[in-house]
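The lines below spell out each chain.
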Amino acid sequence: MSRKPPTGDDDELLARLGSLTAQARERAEFQRSQVELAIALQRGMLPGDMPSAPGFDVAVQYAPACYGLNVGGDWYDAFKLPDERIGLSIGDVQGHNIEAAAFMGQVRVGLRALASVTSDPGELLARTNDLILSIGSDLFATCTFMRLDPATGVLESARAGHIPCVWATADGKSGIAEDEGGPPLGVEAGMRYPVTRHRLTVGGHFVLLTDGVVEGPSMTVDEGLDQVVRLAGIAAVAGMSAASLAAAVIRGAERVGHEDDAAVLVVGHGEHTFRP
């Protein structure tokens with residue numbers, strides 16, 4: 001069978017297809033490099049070791065978005081304050097790109113730096129809000145900041161547009177913390193953030209999380225929070241560690257079908273603790 005030789009039009013068509021294929025490959029490589037850079041930024045900016053105090057454990061779990069280009073700006077942090085109390089923060093930056101990942105680092109570092117000036121959760125969020133606005137970014141962030149006093153088990157909490165945390169006690173009670181809260185950071189100057197006091201009793205847990213843990217195509221935020229409430233209650237009754245509860249919560253996040261980052265920070269009060 002004879003084969004028809006290619007015409008000039010065929011050659012031109014093949015050349016165009018080759019050019020389009022090369023361009024598509026270049027775009028894919030560029031997008032992949034952007035995602036890899038954003039993930040590297042995230043991992044480099046998040047803390048390593050968590051602080052500890054007699055009778056208290058802090059544990060974290062973090063699952064970066066792994067779908068397409070959805071690289072978000074979720075963060076967690078825990079650090080010793082100058083007065084030996086422990087600062088705990090978790091938050092979520094608007095957007096899913098390198099800018100969001102970089103902005104996340106600015107917010108987290110800003111919180112840490114300002115905590116050396118004031119560790120009052122409400123004042124700290126107010127100052128961080130004004131700092132973010134002074135940068136001139138178009139992005140904003142939601143955040144919860146808590147201050148734990150290991151001597152008393154008192155947790156003081158302020159919330160900036162972030163989803164509420166979950167609590168559980170050793171007698172089987174669990175629920176969603178009812179903090180008043182304020183607007184996200186970076187939206188409007190001069191905002192105030194009310195402080196709510198909680199007490200972490202022996203065997204109890206507080207769970208801080210981002211919305212990627214509890215909200216997605218397969219689950220509403222209310223359903224997701226209820227799921228975490230149940231897990232926290234079971235964990236407290238069973239005497240599970242903060243690390244085990246954090247791992248269980250992040251596994252449960254797979255049910256929401258999210259395409260977002262998911263971060264969990266758990267603080268637990270063990271049996272052996274200092275009593276004032």
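Residues numbered from 1 in each chain as written. Predicted model: local features only at pLDDT ≥ 70, side-chain atom pairs only at ≥ 80, totals over all residues. Heavy atoms only, no water.

How should the pairing of strand β10 (residues 262-269) be read in this particular structure?
Regular strands place their side chains on alternate faces of the sheet. Across the eight residues of β10, eight count as buried, placing the element largely inside the fold. Judged by which residues are buried, β10 turns out to be covered on both faces: Ala262, Val264, Val266 and Gly268 on one side and Ala263, Leu265, Val267 and His269 on the other are all buried. Relative to β10, strand β1 (residues 56-63) is paired through eight bridges, and the arrangement is antiparallel. Each bridged residue has a counterpart across the sheet, and for Val58 the counterpart in β10 is Val267. Pairing geometry for strand β9 (residues 205-209) and β10, over five bridges, is antiparallel. Paired with Leu208 across the bridge in β10 is Leu265. (Buried < 20%, exposed > 50% of the residue type's maximum accessible area, 1.4 Å probe, protein only. Helix = DSSP H or I, 4+ residues; strand = E, 2+ residues; numbered from the N terminus. Pairing = 2+ DSSP bridges.)

When you look at the side chain of Thr128 in this model, what are you seeing that I'm missing?
The residue Thr128 is located in helix α3 (residues 121-135) in this model. Setting aside residues no more than four positions away along its own chain, Thr128 makes contact with Leu111, Leu114 and Leu185. (Contact = heavy atoms within 4.5 Å.)

Explain the nonpolar core to me, please; I cannot follow it from the model alone.
If you look at soluble globular proteins, the nonpolar side chains tend to sit buried side by side. In this structure, Trp75, Val93, Val107, Leu125, Leu185 and Tyr193 are the most contacted members of the largest nonpolar core, which totals 24 residues. When contributions to this core are tallied by element, the ones reaching two or more residues are β2 (73-80), α2 (98-115), α3, β4 (141-149) and β5 (154-160). Residue contributions to this core peak at seven residues, all from α2. Excluding residues within four positions of it along the chain, Leu125 makes contact with Leu111, Cys143, Phe145, Ala158, Arg159, Ala160, Leu185 and Tyr193. Of all hydrophobic cores here, the second largest spans 23 residues; its members include Val207, Val228, Ala246 and Val266. (Core = buried A, V, L, I, M, F, W, Y, C linked by side-chain atoms within 4.5 Å.)

Which parts of the structure should I look at to understand the sheet that holds strand β3 (residues 86-93)?
Within a sheet, neighbouring strands are paired by backbone hydrogen bonds and run either parallel or antiparallel to one another. The five strands lie next to each other as β2-β3-β4-β5-β8, forming an open sheet whose pairing is antiparallel. The sheet is open, and its two edges are formed by β2 and β8 (196-199), each paired on a single side. Ignoring strand direction, the axes of neighbouring strands in this sheet form an average angle of 15°. Pairing of β4 with β5 involves six bridges; the strand directions are antiparallel. Each bridged residue has a counterpart across the sheet, and for Phe145 the counterpart in β5 is Ala158. Those strands touched by α2 are β2, β3 and β4, and its axis lies near 20° from that of β2. (Axes fitted to C-alpha atoms, helices over the stretch in contact; angles between N-to-C directions.)

How do you make sense of the layout of surface pockets when you look at a structure like this?
To find leftover empty space, one rolls a probe the size of a water molecule over the atoms. There is about 160 Å³ of room inside the largest pocket. Lining the largest pocket are 15 residues, and of these Gly203, Gly239, Met240, His269 and Gly270 lie nearest its centre. Sorting the residues of the lining of the largest pocket by element identifies α4 (221-238) and β10 as the ones contributing at least two each. (1 Å grid on protein atoms, 1.4 Å probe; cavity = no way out; pocket = protein on both sides within 12 Å on 5 of 7 lines; lining within 4 Å. Points joined across faces, edges and corners; volume = space filled by probe spheres on them.)

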